[in-house]
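Okay, here's what each chain looks like letter by letter:
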Amino acid sequence: MPPRNAKLSYGYDQWIRRPDEKGRLDSLLKAFRTSSEQSGFNTDMIGVVCWRGLLMQAMVTRDGPWELNVMRLGNTLYLEEHLDDIKLRAKSSDAEHPRQRQNMYYGYSFESYCTADKSRAPSHPREPPGWGGVVDTNEQWCSVVKTKLGDTRIVLGGEVDCVEGGEPRIDKMIELKTSMRIRDERDRMRFESKLLKFYFQSFLLGIPRIVVGFRTPAGELTATESFSTLDLPRMVRGKPGGWDASVGLNWGDRILTWLKDRCRNRTDANDNSMDVWRLKFTPGSGVGLRLVSEEDRVDVESDAEVERIGFLPKWYLEGHAGMPVSRPSDLISAPSGWKI
């Protein structure tokens, strides 16, 4: 753990930051294919393949619109966040706000302290005790898991911050977070509200423990505390502003079930016009689904390095067959109890 009073601002000017980009599924698909070939399990039993962040967004985002693209191969839906060039620029611009960028760095700095190699020699005489080295967000370690939501079997991939003892087992995985120090009841309520995202981010991958570093606005670490992921819902139950994890889980299950019923291909995987749908959530209205137009497909398929049909790489589509399709455009509203 980092030493108390550690300066999370240290090394900010050396931060090697990964540029914002479309969250393609390619690396997850490679892991999925390799695992299925090695284990021999039937991939048609999987109902959904996506990154964890996308499913988490669908479960917990209440106050802003979001969009994702959907494709179907056999019995499996593939989900990818919809980010066109305009949205990518906006996302990068938001992250360039000085305060937001600094707060982002505090989180990465905390990870550097927590994962430091104790045998590492300091690279600079003024390097603080326990520092793990230059923060490089291009370096990521991901876990791929099979899980289930309702009747839907899901393959999820997501970044894992660290593993205890260096052994890559799910029961040893730890999520690392930072939050403002708690000074009064208002701060506590704000922190407990943030635990909703902390919970789903860890729960969906089966990560059992979350370590939170509490800090000042200037990035000075004041305390660290460890939380059991499964204990978080009980911590906030019945409190003012508390959240109910089952609401998000039921909402996610309802969306996936609805998509499986409506997304059915008119063409097969050997056809370059294979269907792509766009799912859009609008606060107060619900979720709408439409087929992506030929004009919009150009942006979805745009890739200078990989040939794609829709957003899926052509190498992955080889050998797959499609399904018949219906083309709905109706809306569903949020379930009772979900605050939008």
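Please read these numbers as outputs of a predicted model, since none were measured by experiment.

This part is about empty space enclosed by the protein. Inspection of the entire model under this criterion finds 2 cavities of 30 Å³ or more. Approximately 50 Å³ is the volume attributed to the largest cavity. Contributing to the lining of the largest cavity are K22, R24, N69, E80, E81, H82, L83, D299 and V300. Where the lining of the largest cavity is concerned, the elements lending two or more residues are strand 3 (76-81) and helix 8 (294-301). Of the residues in the lining of the largest cavity, the class split is 2 nonpolar, 2 polar and 5 charged. Counted as a void, the second largest cavity has a volume near 40 Å³. In this structure, the second largest cavity is lined by L54, L55, A58, L68, L79, G252, I255, L256, L259 and L279. Mapped onto the lining of the second largest cavity, the elements with two or more residues apiece are helix 2 (52-60) and helix 7 (245-262). Classifying every residue of the lining of the second largest cavity gives 9 nonpolar, 1 polar and no charged.

To continue, consider the pattern of salt bridges. Side chains carrying opposite charge are able to pair once their charged atoms draw close together. One pass over the full model with this rule turns up 15 salt bridges. For R183, the salt bridge identified is with D187, shortest N-O distance 3.0 Å. R297 is the partner of E301 in a salt bridge, and the nearest nitrogen-oxygen pair spans 2.9 Å. A residue pair is termed a helical-turn pair when its members lie 3 or 4 positions apart in one helix, as E301 and R297 do in helix 8 at 4 residues. Judged by relative accessible area, which is 23%, E301 ranks as partly exposed. Here the residues in one salt-bridge network are D26, D303 and R308, joined through shared partners.

This part takes up the packing of helix 5 (residues 185-203) against helix 7. Here helix 5 crosses helix 7 at 55°, and the two axes come no closer than 11 Å. When the axis of helix 5 is compared with that of helix 7, the two are oblique. Note that helix 5 runs across helix 7; the crossing there is right-handed. Residues Y199, F200 and F203 of helix 5 touch helix 7, and the partners they reach there are A245, G248 and L249. Residue composition of the contact of helix 5 with helix 7, by class: 5 nonpolar, 1 polar and no charged.

What counts, and where the lines are drawn
- Residues numbered from 1 in each chain as written.
- Predicted model: local features only at pLDDT ≥ 70, side-chain atom pairs only at ≥ 80, totals over all residues.
- Heavy atoms only, no water.
- 1 Å grid on protein atoms, 1.4 Å probe; cavity = no way out; pocket = protein on both sides within 12 Å on 5 of 7 lines; lining within 4 Å.
- Points joined across faces, edges and corners; volume = space filled by probe spheres on them.
- Helix = DSSP H or I, 4+ residues; strand = E, 2+ residues; numbered from the N terminus.
- Nonpolar A, V, L, I, M, F, W, Y, C, P; charged D, E, K, R; others polar.
- Salt bridge = Lys/Arg side-chain N within 4 Å of Asp/Glu carboxyl O.
- Buried < 20%, exposed > 50% of the residue type's maximum accessible area, 1.4 Å probe, protein only.
- Axes fitted to C-alpha atoms, helices over the stretch in contact; angles between N-to-C directions.
- Parallel < 35°, antiparallel > 145°, perpendicular 65-115°, else oblique.
- Left-handed = near helix turned anticlockwise from the far one by under 90°.
- Contact = heavy atoms within 4.5 Å.

By themselves these figures say nothing about function.
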